[in-house]
Every structure is written in structure tokens, then in C-alpha cells.
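Notes for the structure review
The chain contents come next:
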Amino acid sequence: MITSRTAFGTIRELEGSFLPVIHQIVQTLGGFSIGDIFPSNRLLRLISGTERHLKKLHQEADSILQGIIDEHVSRKRRRRETEDHDMAEGAEEDDNDDDDLVDVLLASTNNHVEVKAVILDVFVAAGDSSPIAVEWTMSELMKNPEKMEKVQREVRHFFDKRGEGAVVDEALLNELKYLKSVVKETFRLHPPAALSLPREGPETVVVNGYQIPSRTRVIVNYWAIGRDPSHWTQPNQFIPERFLDTCIDYRGFDFQLLPFGSGRRVCPGMNYGTAVVYSLLANLLYRFNWELPNQIKPQDLDMSENFGGAISRKKNLYLIPIPYHAP
Ligand code: HEM
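Residues numbered from 1 in each chain as written. Predicted model: local features only at pLDDT ≥ 70, side-chain atom pairs only at ≥ 80, totals over all residues. Heavy atoms only, no water.

1. Details of the overall build of the protein
Regarding its fold elements, the protein presents 12 helices and eight strands. Within the protein, the proportion of its 327 residues that are buried is 35%. Put simply, 71% of the contacts in the protein that link residues at least 6 apart link residues at least 24 apart. If you sum the accessible surface of the protein, you get close to 19300 Å²; carbon and sulfur atoms cover 55% of it. (Helix = DSSP H or I, 4+ residues; strand = E, 2+ residues; numbered from the N terminus. Buried < 20%, exposed > 50% of the residue type's maximum accessible area, 1.4 Å probe, protein only. Contact = heavy atoms within 4.5 Å. Areas by Shrake-Rupley, 256 points an atom, 1.4 Å probe, with all protein chains shown as cover.)

In C-alpha cells:
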């Protein structure tokens, strides 16, 4: 929702139909089909039906995006007409402060196919990653009440000192060390994108004694790397403290923790995605205490995963918020 408001501004009706299509595209792309294993065999690709399904989804997304672009073009035209009229009467030219992503892209090209491709790429790649990360973080904190207490103490101390409106940016995260460790630990156990996008190398290489011929399709399993016992002690336990005394980070330089990938094809939305995660979490943790419904005990909270383009919870997380009032 935050990404779509940034991209589309206020076109709520079309936005409402676009997000479910994106969700289906992400789910379909994330699954494996027999055609993925033998990509050169067109018959297998046809039998699996995935290609047909994706084409249909693509057509739906394309027509919704065209509607959004048309809306933007006519809104811009109306605004320009009003501005021309106002300027003729002596008013100053309007700046473009409230332009959204579509406006910015349309200002740089008249080619609507390119604009649609960029928007589709951003939405499919961004998917629900940040909300999924927040949902897993809250799940782990509910399962581990002592960690929840510790992180809330830190966040409340921070906001009580700086005021409720304080923005949690990269500089201030140095003060929220435990929250940062909690997020790193969640990315380690539950990377929203478990697998890299498929990549092909231009030439043959040898990695750890394995020869990988050029043009081989390679997919890296970030989920398995995060739980590899040769890198992590008690790999399946949620222990944010493990990050307090190390500089291991998720930015792509520490190969045992790669929730955003690494190298030239590292996620370009990393800063935006993490800013959303930190600010949502900081607000949820500051403003409310949280309880599990139906007397569910923390240790009984279901943590099953849904396999797809993004690894979300299999069952939604339902929690009871209890407003917190600063003393
Ligand atoms: C917590 C949030 C996010 C996570 C965990 C995440 C993770 C990833 C991962 C693992 C990849 C694949 C890297 C690879 O193939 O090795 C990726 C690619 C990508 N991400 Fe993100 N992402 C997040 C948020 C976002 C957001 C908010 C945007 C855009 C607004 C975005 C845009 C992209 C794009 C465009 C690519 C494809 C890059 C390419 O084609 O090489 N991501 N992301």
C-alpha cells in the first residue's frame, strides 16, 4: 500500500484492482514448474500452463496500468490548463512537489510501454516484502516475550526522549541497536525472498570445485544460507543478541546473510524497503502492547511458511493491540 501510494498518488479504485494481480504474479513466478527445469522445451512449458497463466495476468496488469497512466496524463493536462490560467492572472508557477512515480516517469518519456514495464518491475520485485518482514518480526517477538519486552523498552526510551514524531532514519538506528538486531535476525530466519532471481553467467566458472558452464541458470537459496549451521550457532533459534557485537549486516557484503542479494544485482529497493520496515515496527512497538488472541500460548504460535515468490506466513498473524500511554 505504501509503495502504491508513492507510485500512483491517489488513484484508489485502479490501485485496488492492481495489487491483487501483482500478488498473483508474484505467487506464480515464485513456484517451480516442469518448464523451469527444461527451459528449452516449449512443449513442457505449454503443458505446465504457467506461461499461459502469466500472459493472462500480464494482460490484466497492462490494462490497469494503462488506465492509471491515462488518468495521470489527463490530470496533468487539467493542472497545466489551470496553471496557465492562474499565471495569466499573475500567480507563481506551481512546483512538482506532489508528483508520484508515474508523473516522474511520464516526464522522462512518452513511451507508455516503457513506463508500464518499469512500474510492473518495481511492483513485482517489491511485492509484499516489507509487510512480510514486519509480520515475521512481530511473530518472532510474540513467540519470544522477553525479546519483545527488551525491544519495546528500547523503542519507548527512544521516542520518550525525542518525541513521538521522531523519524527512525539510518543515523538514529545507531541508537536503536536492539531493534536493528531484531530486524537482522528476522531477515536471517525469514528472508521475504527466499531465492535469488534466476541468473546466468556469461562465461564458465568454477565455484568451490563445481564447474558452472556459461549460460547455466543459477538460483541462490538465501533462506538456506541464513540457517546454515556452519555459519550460525543454534541456527533455528531467534537470538537477536548474536548481532549486537558483530558488524555483520544485510547489505550484501557478508555472504552468510543475504536477504537482499549481493553484488551488481543486489536489490535496488533495499534502503526504501528497510526504511518502511523500521518505521512500521517502531510505531507498532511504541504505540501498543500486543497479545495473542484465544489464549494462544507464545510457544504454540504457528510459524508455518507459505512457499512462493515471497515466503510469507501460511496463516495470517492476528494480534490484539492494547494502546500504550507514555508515563
Ligand atoms: C524488505 C524488503 C525487500 C527485500 C527483502 C528484497 C529482496 C530482494 C531480493 C532478494 C532480490 C533479488 C536479488 C537477487 O536476485 O540476487 C531483489 C530484487 C529486486 N528488488 Fe527487492 N527487496 C525488498 C524491497 C524492495 C522494494 C521496496 C523495491 C522497490 C521499490 C524492490 C525492488 C527490487 C528490484 C527492482 C529488484 C530486481 C533487481 C534486478 O533485476 O536485478 N525491492 N529484492
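2. Observations concerning the nonpolar core
Formed by 42 residues in total, the largest nonpolar core has its most connected members in Met 138, Val 151, Val 155, Val 168, Leu 179, Leu 281 and Leu 285. At the level of elements, helix 8 (129–143), helix 9 (145–162), helix 10 (177–189) and helix 12 (270–287) are the ones that each hand at least two residues to this core. Apart from residues lying up to four places away in sequence, Met 138 is in contact with Met 148, Leu 281, Leu 284, Leu 285, Trp 290, Leu 317 and Leu 319. One finds Val 21, Ile 64, Leu 105 and Phe 123 within the second-largest nonpolar core, a separate group that totals 18 residues. (Core = buried A, V, L, I, M, F, W, Y, C linked by side-chain atoms within 4.5 Å.)

3. Some thoughts on the UniProt feature "binding site: heme" (unreviewed entry) in the protein
UniProt feature "binding site: heme" (unreviewed entry): in the numbering of this structure it lies at Cys 267. A relative accessible area of 30% places Cys 267 in the partly exposed class. (UniProt positions renumbered as here; feature names shortened; annotations may be inferred.)

4. Regarding the site of the ligand
Not every one of the 20 residues close to the ligand is listed here, only the nearest: Leu 197, Arg 199, Tyr 222, Arg 265 and Cys 267. Separating an oxygen atom of the ligand from a side-chain N or O atom of Arg 199 is a distance of 2.6 Å. Looking at the shell around the ligand, the element that brings in the most residues is helix 7 (residues 112–126), giving three residues. Residues of the shell around the ligand, tallied by class, amount to 13 nonpolar, five polar and two charged. A domain split of the shell around the ligand shows at least three residues from each of domain 1 (2–126) and domain 2 (129–323). (Near = heavy atom within 4 Å. Polar contact = N/O pair within 3.5 Å; in protein donor to acceptor, adjacent residues only side chain to side chain. Nonpolar A, V, L, I, M, F, W, Y, C, P; charged D, E, K, R; others polar. Domains from an automatic or database assignment.)

5. Some details on helix 12
If you check helix 12, its first and last C-alpha atoms are 26 Å apart, about what 18 residues at 1.5 Å a residue would give, namely 26 Å. Listed in full, the buried residues belonging to helix 12 are Met 270, Gly 273, Thr 274, Val 276, Val 277, Tyr 278, Leu 281, Ala 282, Leu 285 and Tyr 286. (Expected span 1.5 Å × (residues − 1).)

6. Things to note about the pattern of salt bridges
Tallying each qualifying case throughout the model produces 17 salt bridges. Residue Glu 241 is joined to Lys 147 by a salt bridge in which the shortest nitrogen-to-oxygen separation is 3.4 Å. Within this pair, whereas Glu 241 is found in the loop between helix 11 (222–226) and helix 12, its partner Lys 147 is found in helix 9, the two being separated by 94 residues in sequence. Glu 241 gets classed as partly exposed once you look at its relative accessible area, which sits at 24%. Among the salt bridges present, the one from Glu 241 reaches Lys 150, with a minimum N-O distance of 2.9 Å. (Salt bridge = Lys/Arg side-chain N within 4 Å of Asp/Glu carboxyl O.)

7. Remarks on helix 10
Taking 1.5 Å per residue as the helical rise, helix 10 with its 13 residues ought to reach 18 Å, and the 19 Å between its terminal C-alpha atoms agrees with that figure. Summarising burial for helix 10: 12 of the 13 residues are buried, a large majority. When helix 10 is considered as a whole, its buried residues turn out to be Tyr 178, Leu 179, Lys 180, Ser 181, Val 182, Val 183, Lys 184, Glu 185, Thr 186, Phe 187, Arg 188 and Leu 189. Looking at the packing, one finds that the buried side of helix 10 touches helix 8, helix 9, helix 11, helix 12 and strand 6 (305–306).

8. A short note on the layout of surface pockets
Where empty space is left can be seen by rolling a probe of water-molecule size over the atoms. Its volume calculated, the second largest pocket comes out at about 260 Å³. If you go around the second largest pocket, you meet 14 residues; those closest to its centre are Val 73, Lys 76, Arg 80, Leu 106 and Ala 107. Counting only elements with at least two residues in the lining of the second largest pocket, the list comes to helix 5 (50–88) and helix 6 (101–108). In terms of residues, the lining of the second largest pocket owes the most to one element, helix 5, which gives five residues. (1 Å grid on protein atoms, 1.4 Å probe; cavity = no way out; pocket = protein on both sides within 12 Å on 5 of 7 lines; lining within 4 Å. Points joined across faces, edges and corners; volume = space filled by probe spheres on them.)

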